[in-house]
Amino acid sequence: MTAVVQPHENENVVWHNHQTDKAQRAQLKNQKPCVLWFTGLSGAGKSTVAGALENRLAEQGFHTYLLDGDNVRHGLCQDLGFSSEDRKENIRRIGEVAKLMADAGLIVLTAFISPHRAERQLVRDLLPEGEFIEVFVDTPLAECEKRDPKGLYKKARAGEIKDFTGIDSEYQPPETPEIHLHAGETSVDTLVTLCMEALKQRHII
């Protein structure tokens, strides 16, 4: 199944297909391109696990790139706030960037709360079937609050941050993620190994 490229509203903007395609780029890298979409509550360990997985993949010679939520907001999405519409636009932009990186033949890892199923589905629909791999970093809210690496839960409980996911804004967990990581009491090394095994089963690596 091939992802459908939607026509641009301006008829003067035309999509160009180039001679070197995704298959050739992937063959050069000896891997299958994909987007590993890590989702979960703030403090769940998304960036930690994604970063450790990228390190493991790099050590084995695979070509990757990690898109992290905070890093992206320093550049590509620095004009966006945290309203519902801005969050949706944030995910849309990341999805488009991840799609381009996958087209380059890369294994793309992303770490975003991305709280709503519809937004994650939007990104899935951008990619060919099997290329979007949803990774649910399933850490209980109590554990996330206990960790609270940025002090955000404390601020949210004090009313200093409004619409904070998991407190006064809904998080919709994936119903059938490709990879389900029960991350509360499991070591990062074990979680990475589980991800590597899943990638091998899907013939990504």
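Residues numbered from 1 in each chain as written. Predicted model: local features only at pLDDT ≥ 70, side-chain atom pairs only at ≥ 80, totals over all residues. Heavy atoms only, no water.

Definition in use: UniProt positions are given in the numbering used here, feature names are shortened, and annotations may be inferred rather than shown by experiment.
Going by what an unreviewed UniProt entry lists, the chain is known as Adenylyl-sulfate kinase and is assigned to Photobacterium galatheae. In its Catalytic activity (unreviewed entry) section, the UniProt record describing the chain reads: "adenosine 5'-phosphosulfate + ATP = 3'-phosphoadenylyl sulfate + ADP + H(+)". Note on the chain: under the UniProt heading Function (unreviewed entry), the record states "Catalyzes the synthesis of activated sulfate."

1. Re the sheet that holds strand β2 (residues 64-68)
Spelled out, the test is: Between any two strands, at least two bridges found by DSSP are needed for them to pair. Here a strand is any run of E in DSSP of at least two residues, a helix any run of H or I of at least four, and the numbering for each starts at the N terminus. Geometry is summarised by axes, namely lines fitted to C-alpha atoms with helices restricted to the contacting stretch, and by angles between N-to-C directions that run from 0 to 180 degrees. We call two residues contacting when some pair of their heavy atoms lies within 4.5 Å.
Judged by pairing direction, the sheet is parallel, and its five strands sit side by side in the order β2-β3-β1-β4-β5 without closing on themselves. With partners counted over all chains shown, the strands left at the sheet margins are β2 and β5 (179-182), one partner each. Averaged over neighbouring strand pairs, the angle between their axes works out to 15° when direction is ignored. The strands that helix α5 (residues 117-124) touches are β1 (34-39) and β4 (132-138); relative to β4, the one it contacts most, it runs at about 150°. Running over the sheet, helix α8 (residues 188-201) touches β1, β4 and β5 and is turned about 165° from β5.

2. Examining the side chain of Arg93
Just so we agree on the cut-off: Each residue is assigned to one of three classes by its accessible area relative to the maximum for its type, calculated with a 1.4 Å probe on protein chains only: buried under 20%, partly exposed between the two thresholds, exposed over 50%. Here a polar contact is recorded for every N or O atom pair within 3.5 Å, except that within protein the pair must consist of a potential hydrogen donor and a potential acceptor, and residues adjacent in sequence are included only if both atoms are side-chain atoms.
Tracing the backbone through its elements, the reader meets Arg93 in helix α4 (residues 84-103). Overall, the relative accessible area of 18% leaves Arg93 in the buried class. Within the local environment of Arg93, its side chain forms a polar contact with the side chain of Glu89, the two groups lying 2.8 Å apart. The contacts of Arg93, once residues within four sequence positions are left out, are Leu76, Cys77, Asp79 and Leu80.

3. Some thoughts on the UniProt feature "active site" (unreviewed entry) in the chain
UniProt tags Ser114 as "active site" (unreviewed entry). Positionally, Ser114 belongs in the loop between β3 (107-111) and α5. Every residue in contact with Ser114, bar those within four places of it in the chain, is listed here: Trp37, Thr39, Ile91, Arg120 and Tyr171. A distance of 3.4 Å separates the side chain of Ser114 from the side chain of Thr39, its partner in a polar contact.

4. Side note on the environment of Asp163
In this fold, Asp163 is placed in the loop between α7 (152-157) and β5. Overall, Asp163 belongs to the partly exposed group, its relative accessible area being 45%. As for Asp163 and Phe82, which are separated by 81 residues in sequence, their C-alpha atoms are 8.4 Å apart. Non-local contacts of Asp163, meaning those with residues more than four positions away in its chain, are made with Arg87, Asp168 and Ser169.

5. Focus on unusual backbone geometry
Here the phi dihedral of Ser114 falls at roughly 35°; this positive angle occurs in a residue that is not glycine. Positioned with a positive phi, Asp163 is a non-glycine residue whose angle comes to about 55°.

6. Things to note about α8
As a reminder, the rule being used: By this rule, a helix spans an expected 1.5 Å times one less than how many residues it contains. The directions from the helix axis to the C-beta atoms are what the arc is built from.
With 14 residues, α8 ought to run about 20 Å at 1.5 Å a step, and its terminal C-alpha atoms sit 20 Å apart, in line with that. Those residues of α8 lying buried are Leu191, Val192, Cys195, Met196, Ala198 and Leu199. Taken end-on, α8 shows its buried residues confined to a sector of 160°, consistent with a single buried face. Of the exposed residues in α8, those oriented more than 90 degrees away from the buried face are Asp189 and Gln201. Contacts made by the buried residues of α8 are with β1, α2 (46-59), β4 and β5. Of the residues flanking the end of α8, it is His203, one or two places downstream, whose phi is positive at about 60°.

7. Details of the nonpolar core
Convention followed: Buried Ala, Val, Leu, Ile, Met, Phe, Trp, Tyr and Cys residues that are joined via side-chain atoms within 4.5 Å together make up what is termed a nonpolar core.
The biggest cluster of nonpolar side chains holds 31 residues, and the ones touching the most others in it are Leu36, Phe38, Leu53, Ile133, Ile179 and Leu181. Sorting the residues of this core by element identifies β1, α2, β3, β4, α7, β5 and α8 as the ones contributing at least two each. Here this core takes six residues from α8, the largest share from any one element. Leave out the neighbours within four places in its chain, and Leu36 touches Leu53, Ile107, Val108, Leu109, Thr110, Ile133, Val135, Ile179 and Leu199. Core analysis: the second largest hydrophobic core is formed by 18 residues, Cys77, Met101, Ala102 and Val123 among them.

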